[in-house]
Amino acid sequence: PQFAGYDQHDCQELLAFLLDGIHEDLNRVKKRPYIEDKDCDGTNDTSDSMDAWENYLKRNKSIVVDLFQGQLRNTMKCCNTKIQNADGSTGCGHRNVKFDSFMYLSLPMQDDCQTLDDCLELFCTVEHLTGANQWYCSKCKEHVDATKKFDLWMLPPILVVHLK
């Protein structure tokens, strides 16, 4: 029903729909425990990423996960403009690191992207969150300017890339 009719859909939507359906049908985990996300500070990324992946596998285990899923490191850093540091930087220094699974990468494209490496580099560039996009810093207890950075942490055997 989702793809019935004459609405336009792209191949990425179809692939995501098919892989998700195959994963759900072949998921070997029948009883999925509730697992709370762990907030990490970036001091032990190797151990934290392994814990996050093990927790993910407690709920999701299929051939689709084995072949198509990897892990991203998402790092948020406080840049609270009310706090001026001696080196000229701003922020309380609080960092929040999360390790998220992914099935495909939606990579941005710009006119100067000539290769896939250029698109990957753009995806992994530090993004500044300001204004309506501010981040809630749990140390400052308020929404603040921040930086956000994705890193490819663990790549799957088959990497699906969606260029947008």
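Residues numbered from 1 in each chain as written. Predicted model: local features only at pLDDT ≥ 70, side-chain atom pairs only at ≥ 80, totals over all residues. Heavy atoms only, no water.

## With respect to the sheet that holds strand β4 (residues 127-129)
Working step 1: Sheet architecture is open: 4 strands sit in the order β2-β1-β7-β4, paired in antiparallel fashion. Two strands close off the open sheet at either side, each with one partner strand: β2 (95-102) and β4. Averaged over all adjacent pairs, the angle separating strand axes in this sheet is 25°, with direction ignored.
Working step 2: In the sheet, strand β1 (residues 70-78) pairs with strand β7 (residues 146-154) via 8 bridges, with the strands oriented antiparallel. From the neighbouring strand, M76 faces β7, where its bridge partner is K148.
Working step 3: In the packing of helix α2 (residues 45-57) onto the sheet, the strands contacted are β1, β2 and β7, and the crossing angle to β2 comes to about 40°. (Pairing = 2+ DSSP bridges. Helix = DSSP H or I, 4+ residues; strand = E, 2+ residues; numbered from the N terminus. Axes fitted to C-alpha atoms, helices over the stretch in contact; angles between N-to-C directions. Contact = heavy atoms within 4.5 Å.)

## Remarks on helix α1 (residues 11-26)
Working step 1: Between its terminal C-alpha atoms α1 stretches 22 Å, which fits the 22 Å expected from 16 residues at 1.5 Å a residue.
Working step 2: Of all the positions in α1, only Q12, A16, L19 and H23 are classed as buried. Seen along its axis, α1 keeps its buried residues to an arc of 75°; they face one direction. Turned more than 90 degrees off the buried face of α1, the exposed positions are C11 and D25.
Working step 3: Here the buried face of α1 lies against α3 (63-68), β3 (104-107) and β8 (160-163). (Expected span 1.5 Å × (residues − 1). Buried < 20%, exposed > 50% of the residue type's maximum accessible area, 1.4 Å probe, protein only. Arc of directions from axis to C-beta.)

## Observations regarding α2
Working step 1: Taking 1.5 Å as the rise per residue, α2 with 13 residues should run 18 Å; its terminal C-alpha atoms sit 18 Å apart, in good agreement.
Working step 2: Listed in full, the buried residues belonging to α2 are D45, D48, S49, W53 and Y56. Take α2 and look down its axis: the buried residues cluster within an arc of 135°, on one side only.
Working step 3: Structurally, α2 contributes buried residues whose contacts are with α3, β1, β2 and β7.

## A look at a nonpolar patch on the surface
Working step 1: Taken together, L14, F17, L18, I22, L26, I63, L67 and I158 make up a surface patch of nonpolar side chains, about 640 Å² in accessible area.
Working step 2: When residues of the nonpolar patch are traced back to their parent elements, those giving at least two are α1 and α3.
Working step 3: Ranked by residues supplied to the nonpolar patch, first place goes to α1 with 5 residues.
Working step 4: Within the secondary structure layout, F17 lies in helix α1. (Patch = residues over 30% accessible without salt bridge, like charges linked within 9 Å, V, L, I, M, F, W, Y side chains within 5 Å. Areas by Shrake-Rupley, 256 points an atom, 1.4 Å probe, with all protein chains shown as cover. Salt bridge = Lys/Arg side-chain N within 4 Å of Asp/Glu carboxyl O.)

Treat this as a map of the structure, not an account of what it does.
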